[in-house]
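Residues per chain are reported as follows:
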Amino acid sequence: MNSSNVNFSLLQSQPNIPPEFFWPENDLTPSEGDLNLPIIDMSGFLNGDEAETQRAAKAVREACMTHGTFLVINHGFKSGLAEKALHISSLFFGLPKDEKLKAYRTPGNISGYTAGHSQRFSSNLPWNETLTVAFKKGPPQVVEDFLTSKLGDRRQEIGQVFQEFSEAMNRLNLELMELLGISMGLKDRTYFRRFFEDGNAIFRCNYYPPCKQPEKALGVGPHNDPTAITVLLQDDVVGLEVFASGKWQTVRPRPGALVVNVGDTFMALSNGNYKSCFHRAVVNMEKVRRSLVYFSCPREDKLIIPPPELVEGGETSRKYPDFTWHQLQRFTQSGYRVDNTTLEKFSSWIASDSSKN
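The name an unreviewed UniProt entry assigns to the chain is Fe2OG dioxygenase domain-containing protein, from the organism Brassica cretica. Turning to the chain, the UniProt annotation filed under Sequence similarities (unreviewed entry) states: "Belongs to the iron/ascorbate-dependent oxidoreductase family."

Structural data, given as structure tokens:
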């Protein structure tokens, strides 16, 4: 089975899902209630209110040291942009299969369309379709250019809206990086903002169709994102779950809010002080679920080294070795399936051979 022949419309008409989409029982443990996440109002920080900024930074610190996730509201997005981007994602995934396949993700590339990620794996396949595009602040308009080149001028609006949405996510990402620096008490509060100003990102649309056997399948399996931080827009359908306090808990969609997750790269940058968020996406029998995701990454060749204040005991207190995003990305794309031990396994892998680059 590969992405070009996974057809979820046909699969939904069958009484049972194919066994390739079954997940191990320990990955399917049901959630136990809702996770009470802090809601960070960004307006005070964005408007230069120092008291509100410190209040927000304290809440961010507590969340990141506990489970690595929080919500943000009043984040500066243009009115209607989030709703428009979700609508455009429905438009894309509603296209005929042969039209979506014009943007098919070829092996070795980040950008493109996939169904079930089955070009990379043969079992425990995710019950989802994705559209992924590598992003970098332009010009050129890389998201718009890629999608229009694949889908044609007739579908130009898809690229235009996703370009605008990615740019808004990029601006917010840099604001969040500064807030994270403040939350850690760094002398230079702009340290992380500057670290990621010349960085890259990955924009992804997720589409989770209804599933006949949701108790056996997952939209995305349990994992930590290998990237720095992830900003996620959910629609109004429940599906995101975070492992916290020894159990899976639901992150309910909240109108106007975005979810922010710490990833492995930022955990390394924080010298392990902030926790990478362990999460998954579940599916249901009745409703389509959509999400739009922005994964921030540093420049590929930039060394991931914590600020000096976070390494108080000198080099011996470093939790992780020096590495670049290029090295970590190569590790995760070479057949290794990301989970909640990726950073430890990657650290061992890179420490075993200093010639890896």
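S.K.: Would you mind showing me how to read the overall build of the chain here?
M.R.: Within the chain one finds 11 helices and 12 strands. Its C-alpha radius of gyration of 20 Å places the chain within 12% of the 21 Å reference for a compact globule of 357 residues. Viewed in the frame of its principal axes, the chain has a C-alpha envelope of about 60 × 45 × 45 Å. Among the 357 residues that make up the chain, the fraction classed as buried is 55%.

S.K.: Sorry, what's going on with the pairing of strand β3 (residues 112-115) here?
M.R.: Regular strands place side chains that alternate from one sheet face to the opposite one. In β3, alternate side chains face the same way, and those of G112 and T114 on one face and Y113 and A115 on the other are all buried. Across four bridges, the pairing between β3 and strand β4 (residues 129-135) is antiparallel. Of the residues in β4, the one forming a bridge with T114 is T130.

S.K.: What am I meant to see in the packing of aromatic side chains here?
M.R.: Aromatic ring pairs are defined here through the distance separating the ring centres and the angle between the ring planes. For the coordinates displayed, the defined rule picks out 20 aromatic pairs. Seen from their ring centres, F243 and W248 are 5.2 Å apart, and the 70° between their planes marks the pair as edge-to-face. Residue classification places F243 among the partly exposed positions, given a relative accessible area of 33%. Relative to F278, the ring of W248 has its centre 5.2 Å away and its plane inclined at 40°; by these criteria the two rings are tilted. Here F278 lies in strand β11 (residues 278-281) and W248 lies in strand β9 (residues 247-250), a separation of 30 residues in the sequence.

S.K.: Explain helix α3 (residues 50-66) to me, please; I cannot follow it from the model alone.
M.R.: Every α-helix winds through 3.6 residues per turn, so residues three or four apart in the chain are directed the same way. A rise of 1.5 Å per residue sets the reference length of α3, with its 17 residues, at 24 Å; its end C-alpha atoms lie 24 Å apart and thus fit the reference within 8%. Taken together, the buried residues of α3 touch β1 (39-41), α2 (43-46), β2 (69-73), α7 (156-183) and β10 (258-262). Phi turns positive one or two residues past the end of α3, at G68, with a value near 80°.

S.K.: Mind showing me how you'd approach the UniProt feature "domain: Fe2OG dioxygenase" (unreviewed entry) in the chain here?
M.R.: Here, the residues flagged by UniProt with the feature "domain: Fe2OG dioxygenase" (unreviewed entry) are residues 198-298. For residues 198-298, the end-to-end C-alpha separation is 7 Å, with 6% helix and 47% strand making up the annotated structure.

S.K.: What exactly am I supposed to notice about the packing of helix α10 (residues 325-333) against helix α11 (residues 342-351) here?
M.R.: A pair of packed helices is characterised by two quantities: the angle between their axes and the separation of those axes. Relative to each other, α10 and α11 sit at 110°, their axes nearing to 11 Å. Classified by the interaxial angle, the pair formed by α10 and α11 is roughly perpendicular. Along its contact with α10, which presents Q327, L328, R330, F331 and T332, the element α11 presents T342, K345, F346, W349 and I350.

S.K.: Got a minute to help me understand the sheet that holds strand β8 (residues 240-244) in this structure?
M.R.: To summarise the sheet geometry, strands pair through backbone hydrogen bonds and adopt either a parallel or an antiparallel arrangement. As summarised here, the arrangement of the four strands in space is β6-β11-β8-β9, forming an open sheet in which the pairing is antiparallel. Of all strands in the sheet, those bounded by a partner on one side alone are β6 (220-224) and β9. Mean inter-strand twist for the sheet, computed between neighbouring axes without regard to direction, equals 25°. Direction of pairing for β8 relative to β9: antiparallel, over a ladder of four bridges. Bridging across to β9, F243 finds its partner in W248.

S.K.: Which parts of the structure should I look at to understand the pairing of β11?
M.R.: Alternating positions in β11 separate into two faces, F278 and R280 on one and H279 and A281 on the other, with burial throughout. Alignment of β8 against β11, held across three bridges, turns out to be antiparallel. Bridge pairing links L240 to A281 in β11.

S.K.: Is there a simple way to think about unusual backbone geometry in this case?
M.R.: Trans peptide bonds make up most of the peptide bonds, and negative phi angles are found at most residues other than glycine. Geometrically, the link from G138 to P139 is a cis peptide bond, its omega value of 5° lying close to zero. Among the structural elements, P139 can be located in the loop between β4 and α6 (142-151). Not every positive phi belongs to a glycine, and N74 is a case in point at roughly 50°. According to the relative accessible area criterion, N74 is partly exposed, its value standing at 45%. Its identity is not glycine, yet N124 carries a phi of approximately 50°, on the positive side. Summarising the element assignment, N124 is placed in the loop between β3 and β4. Here N124 falls in the partly exposed class, since its relative accessible area comes to 23%.

Analysis parameters
Residues numbered from 1 in each chain as written. Predicted model: local features only at pLDDT ≥ 70, side-chain atom pairs only at ≥ 80, totals over all residues. Heavy atoms only, no water. UniProt positions renumbered as here; feature names shortened; annotations may be inferred. Helix = DSSP H or I, 4+ residues; strand = E, 2+ residues; numbered from the N terminus. Rg over C-alpha atoms; globule rule 2.2 N^0.38 Å. Buried < 20%, exposed > 50% of the residue type's maximum accessible area, 1.4 Å probe, protein only. Pairing = 2+ DSSP bridges. Phe/Tyr/Trp six-rings, centres within 6.5 Å; stacked < 30°, edge-to-face > 60°. Expected span 1.5 Å × (residues − 1). Contact = heavy atoms within 4.5 Å. Axes fitted to C-alpha atoms, helices over the stretch in contact; angles between N-to-C directions. Parallel < 35°, antiparallel > 145°, perpendicular 65-115°, else oblique.

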